[in-house]
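# Coordinate analysis (summary)
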Amino acid sequence: MIENVRQAFDLEKLQGMLDSIKHATGLTAAVLDADGKLLAEGADIDLCAGFLTGHPELGQCCIEDRKKLAAQVTDAAQPVISSCPYGLASAAAPLRVNGVCLGGLLLGKVFLEPPDRERFRELARRAGFDQERLLAAVDRVPVLTREQFNSQVELLISLTTLLADQVAARLEAGRAAGQ
């Protein structure tokens, strides 16, 4: 019986898929286990990787936000949409195989409206970041309309369905071969 993402998938191959998603769409994609631990992630956006996650206080908010999203997705039947304290939207869909949630696939880290640059200026001052570098990182974050983001969520649903169906088929084939 497969009980977690590590048992179900080749994480190196998933990593390649996540990198391709980032390259093709500009969106960050990640695989979380059922506890919210990041198992694989396409290249993170500069705003998070270069500033937020490395800061002791701000990074803790990022960790807590990801844990909250993972907890929500393990109980959800549909994708969960979340916005972090810095205004970045993400969606996560459960990877369910035979009714068991193994973890989730996350897609996003986008703004759904133009970011409040003054808020980020203040964040730079408060956290001791170089203001111009931080604002340049903010400017590189994709800004999507709700319609565009919903299309990304549809992609997420398609990917999680495909992945879960492949694992279920592999399990079934293993059962049939063992009989």
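Below: a short report on this structure. Since this is a predicted model, take the numbers as computed values, not measurements.

How each quantity is defined
- Numbering of residues begins from 1 in every chain and follows the order in which that chain's sequence is written.
- Thresholds applied to this predicted model are a pLDDT of at least 70 for local features of residues and 80 or more for the giving and counting of side-chain atom pairs; totals over whole chains, interfaces and linings are not thresholded and use all residues.
- The basis for the side-chain values is all heavy atoms of the structure; hydrogens and waters are excluded.
- Segments assigned H or I by DSSP are reported as helices when at least four residues long, segments assigned E as strands when at least two residues long, and all are numbered from the N terminus.
- Two things to know: the radius of gyration comes from C-alpha atoms, and the globule rule equals 2.2 Å times the number of residues to the power 0.38.
- Only protein chains enter the accessibility calculation, which uses a 1.4 Å probe; a residue whose area is less than 20% of its type maximum is buried, one above 50% is exposed, and one in between is partly exposed.
- In this analysis, two residues are considered to be in contact whenever any of their non-hydrogen atoms come within 4.5 Å of each other.
- The method behind every accessible area is Shrake-Rupley, applied with a 1.4 Å probe, and residues are considered shielded solely by the protein chains displayed.
- Positive: Lys, Arg. Negative: Asp, Glu. His and the chain ends are not part of the count.
- All charge positions are set by atom: Lys at NZ, Arg at CZ, Asp at CG, Glu at CD.
- Put plainly, a pocket is an open set of points on a 1 Å grid over the protein atoms alone with protein on both sides within 12 Å along at least five of seven lines, a cavity is a set where a 1.4 Å probe fits but cannot get out, and a lining residue has an atom within 4 Å of a point.
- Grid points are joined across faces, edges and corners, and a volume is the space filled by probe spheres set on the points.
- For this classification, the nonpolar set comprises Ala, Val, Leu, Ile, Met, Phe, Trp, Tyr, Cys and Pro, the charged set comprises Asp, Glu, Lys and Arg, and every other residue, Gly included, is treated as polar.
- For two strands to be treated as a pair, DSSP must find at least two bridges joining them.
- Lines fitted to the C-alpha atoms define the axes, with helices restricted to the stretch that makes contact. Angles between their N-to-C directions range from 0 to 180 degrees.
- If an angle is under 35 degrees, it is roughly parallel; if it is over 145, roughly antiparallel; if it lies from 65 to 115, roughly perpendicular; otherwise it is oblique.
- Note on convention: the crossing is left-handed when the near helix lies turned anticlockwise from the far helix by less than a right angle, right-handed when the turn is clockwise.

## Thoughts on the overall build of the protein
- In terms of regular secondary structure, the protein is built from 7 helices and 5 strands.
- Each helix and strand of the protein, ordered N terminal to C terminal, gives the series α-α-β-β-α-α-β-β-β-α-α-α.
- Relative to the compact-globule value of 16 Å for 179 residues, the protein shows a C-alpha radius of gyration of 17 Å, a close match.
- With the C-alpha coordinates aligned to their principal axes, the bounding extent of the protein is approximately 65 × 35 × 25 Å.
- Per-residue burial over the protein gives 46% buried out of 179 residues.
- Contacts in the protein between residues at least 24 apart in sequence constitute 58% of all its contacts with a sequence separation of at least 6.
- For the protein, the accessible area works out to roughly 9,300 Å², and carbon and sulfur atoms hold 51% of it.
- For the protein, the distance from the average position of its 19 positive side-chain charges to the average position of its 24 negative side-chain charges is 2 Å.

## A short note on empty space enclosed by the protein
- Under the criterion given, the structure shown has 1 cavity of 30 Å³ or more.
- Considered as a void within the structure, the largest cavity measures approximately 220 Å³ in volume.
- As for the largest cavity, its lining consists of 18 residues, and the residues nearest its centre are Cys62, Asp65, Arg66, Ser90 and Lys109.
- The set of elements that each furnish at least two residues to the lining of the largest cavity consists of strand S1 (28-33), strand S2 (38-41), helix H4 (56-75) and strand S5 (100-110).
- Among the elements that make up the lining of the largest cavity, the one with the highest residue count is H4 (5 residues).
- By residue class, the composition of the lining of the largest cavity is 11 nonpolar, 3 polar and 4 charged.

## Topic: the pairing of S5
- S5 sits mainly inside the fold: 10 of its 11 residues count as buried.
- Of the pairings in the sheet, the one linking S1 to S5 comprises 6 bridges and is antiparallel in character. The residue bridging threonine 28 from the neighbouring strand is glycine 108, located in S5.
- When strand S4 (residues 89-97) meets S5, the two strands line up antiparallel, connected through 9 bridges. Its bridge partner being in S5, arginine 96 is matched across the sheet by cysteine 101.
- Taking the residues that link successive antiparallel strands as the turn, the S4-S5 hairpin has 2 residues, and the phi of asparagine 98 there is positive, at about 50°.

## Let's talk about the packing of helix H5 (residues 117-127) against helix H6 (residues 131-139)
- Running from N to C, H5 and H6 point in directions that differ by 140°, and their axes come no closer than 9 Å. Relative to H6, H5 is oriented oblique. Considering the relative orientation of H5 and H6, their crossing is right-handed. Contacts from Arg117, Phe120, Arg121, Leu123, Ala124 and Arg125 in H5 reach Gln131, Leu134, Leu135, Val138 and Asp139 in H6.
- Here the contact of H5 with H6 is built from residues that sort into 6 nonpolar, 1 polar and 4 charged.

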